[in-house]
Amino acid sequence: MTPAEIEGAVEAGMPQAIEDLTKLVSIPSVAFPGHPEAPVHEAAAAVADLLRSVGLPHVELIPVEGSFPAVYATAPAPPGAPTVLLYAHYDVQPSGDVALWRTPPFEPTVIGDAMYGRGAADDKGGLIAHIAALRVFQGDFPVGLKVIVEGQEEYAGERLESLVEARPELVHADAMVIGDVGNPKVGDPALTTMLRGMAAFTVEVRSLGDAVHSGSFGGAAPDALSALMRMLTAMHDDNGDVRVPGLERGVFPGESSSEKEFRATAGVLDGVSLVGSGSIADRVWASYAITVTGLDVPSVSGAINAVQAVARARVTIRIPPSGDAATALKTVSAFLAENAPWGVQVSFDDTVTGSGFRASEGGPARAAIEKAMEHAFGRAPREVGQGGSIPLVAKLATLHPQAEILLYGVEDEDASIHAPNERVILGELRRIITAEALFLSTYTHP
Ligand SMILES: [Zn+2]
């Protein structure tokens, strides 16, 4: 098909794409504990129907241990053509406080060029982009295809990682498209080429057999909470830069958003300064970040006058692609232990690690998607990073190091994913569908 024919087919297919998206967003497929499971299974069945409807000859639900099924589909490669893996997920974040939504989260509502609803962007929009791009070819696909649609990404993505680790052939492909990210701004095409990894742990400090009266003992009894606070504050300097030796600052090779834009998106209050140094992209995509995400301490209401015997904190480390998650975890825990005052007892527990990702450059898939995006958006895509982690991507890269992994999608910074009033811009959805269909039709082995 010529680019013009593809664009025409995408345009003609938009009502169908919007109808499919509406149907999916109406299903509250929240795969978190405590939410009904039936809608998640209903969404899996709906995805399988959609994959069949675009002419994929083989569609199945693959059980995932301890989780919801992955929907999987394949089409054989025409002779000499490469195989492309398409990834998305059909589960969504919980709606959160429904009162904060202007439209009901599971009643997709189109206002202007936006469709509002939980999952409209993350990631049912990404999923529909794959479906609509495939529909363009009416079953006569230019490449081999493997499609995997995950059912519990938002809660327990590691379970799909175990599946692909046990059955790596499921995801063996020349190029992999992770349709679960997006462009910084609508109409501003981007390929995500760097993802940070992450590590997290719980640190516990013990100083006394039991809490003791702050009047009788305060002033001499070592306070576990105070010891923990000293350890935690030691991790950053006065400017907010990480000061743990070995965790050096990185530099992002592409453009960065401005501090002004970042302040607005992050909702930083007037008079409050940002932390860290380097460009915003350096700080949130290419450097380590350490955040205390939880504390086990007595709550203010009902606090009694006591010196605390024990205190705990949850610490999350974001790791640039050049770093190693296990090493960072060791480095930070050793630093905390070294900075523990008064010989208090320090222990670590509940650790998790996931690697980051750095895309390889210059392969045929990368070249094809860059041209396809330029055609669809009228401007060449730029490289962006993502401060969050997608552990599956690192797993895919490890299992199939020869594969080119491409990350793009329908989300943008104002899409409110994981927040109230999530939305996808339908024009952006159309441009991504066009880019993906063009990519599939032009991508060949070198
Ligand atoms: Zn997602």
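About the cut-offs
Residues numbered from 1 in each chain as written. Predicted model: local features only at pLDDT ≥ 70, side-chain atom pairs only at ≥ 80, totals over all residues. Heavy atoms only, no water. Donors = N, O, S within 2.8 Å, 3.2 Å for Na, K, Ca; no water. Tetrahedral: all angles 85-135°; square planar, octahedral: opposite > 155°, others 65-115°. Helix = DSSP H or I, 4+ residues; strand = E, 2+ residues; numbered from the N terminus. Buried < 20%, exposed > 50% of the residue type's maximum accessible area, 1.4 Å probe, protein only. Axes fitted to C-alpha atoms, helices over the stretch in contact; angles between N-to-C directions. Parallel < 35°, antiparallel > 145°, perpendicular 65-115°, else oblique. Left-handed = near helix turned anticlockwise from the far one by under 90°. Contact = heavy atoms within 4.5 Å. Nonpolar A, V, L, I, M, F, W, Y, C, P; charged D, E, K, R; others polar. UniProt positions renumbered as here; feature names shortened; annotations may be inferred. Pairing = 2+ DSSP bridges. Polar contact = N/O pair within 3.5 Å; in protein donor to acceptor, adjacent residues only side chain to side chain.

### Quick look at the coordination of the zinc ion
- Protein-derived coordination of the zinc ion comes from His89 (NE2), Asp122 (OD), Asp180 (OD) and Asp180 (OD), at a distance range of 2.0 to 2.6 Å.
- Its 4 donor atoms give the zinc ion angles of 53 to 145° at the centre, a pattern that matches the irregular case.
- Written as a sequence motif, the donor arrangement for the zinc ion is H-x32-D-x57-D. In this pair, His89 is assigned in strand 3 (residues 83–89) and Asp180 in the loop between strand 7 (175–178) and strand 8 (182–183), connecting sequence segments 91 residues apart.
- Using a relative accessible area of 0% as the deciding quantity, one classes His89 as buried.

### Quick notes on the packing of helix 1 (residues 3–25) against helix 2 (residues 38–53)
- Remark: helix 1 packs on helix 2, axes separated minimally by 10 Å, with the N-to-C direction vectors making an angle of 165°. Viewed along their axes, helix 1 and helix 2 adopt a mutual orientation that is roughly antiparallel. The interaxial crossing formed by helix 1 with helix 2 has left-handed handedness. On helix 2, the residues touching Asp20, Lys23 and Leu24 of helix 1 are Ala46, Val47 and Leu50.
- Tallied by class, the residues present in the contact of helix 1 with helix 2 amount to 4 nonpolar, no polar and 2 charged.

### Regarding the UniProt feature "domain: Peptidase M20 dimerisation" (unreviewed entry) in the protein chain
- Under the present numbering, the feature "domain: Peptidase M20 dimerisation" (unreviewed entry) in UniProt falls on residues 195–343.
- In this annotation, residues 195–343 is assigned 26% helix and 22% strand; the end-to-end C-alpha distance for the span is 38 Å.

### Focus on the sheet that holds strand 18 (residues 404–407)
- With mixed pairing, the 6 strands of this open sheet are ordered in space as 1-2-6-3-7-18. With one partner strand each, in any of the chains shown, strand 1 (58–62) and strand 18 form the two edges of the open sheet. Across the sheet, the mean angle separating the axes of adjacent strands is 15° when strand polarity is ignored.
- Relative to strand 6 (residues 144–150), strand 2 (residues 70–75) runs antiparallel, the two being bridged by 5 bridges. Within strand 6, the position partnered with Thr74 by the bridge is Lys146.
- Across the face of the sheet, helix 11 (residues 391–399) comes into contact with strand 3, strand 6, strand 7 and strand 18 while running at roughly 165° to strand 18.

### Section: the side chain of Arg423
- Structurally, Arg423 is set in strand 20 (residues 423–425).
- For Arg423, the side chain forms a polar contact with the main-chain oxygen of Asp414, separated by 3.5 Å.
- When residues no more than four places from it in sequence are discounted, the contact partners of Arg423 are Ala114, Met115, Tyr116, Ala120, Ala121, Val186, Asp412, Asp414 and Ala415.

### Focus: unusual backbone geometry
- Here the amide bond leading from Asp122 into Asp123 is cis, since omega sits at 5°, within 30 degrees of zero.
- By the secondary structure assignment, Asp123 is in the loop between strand 5 (114–116) and helix 3 (124–135).
- The residue Trp342 is not glycine, and still its phi comes out positive at about 60°.
- Looking at the secondary structure, you find Trp342 in the loop between helix 9 (325–338) and strand 15 (345–354).
- With a phi close to 50°, Asp350 is a non-glycine residue in the positive phi region.
- Inspection of the secondary structure assignment puts Asp350 in strand 15.

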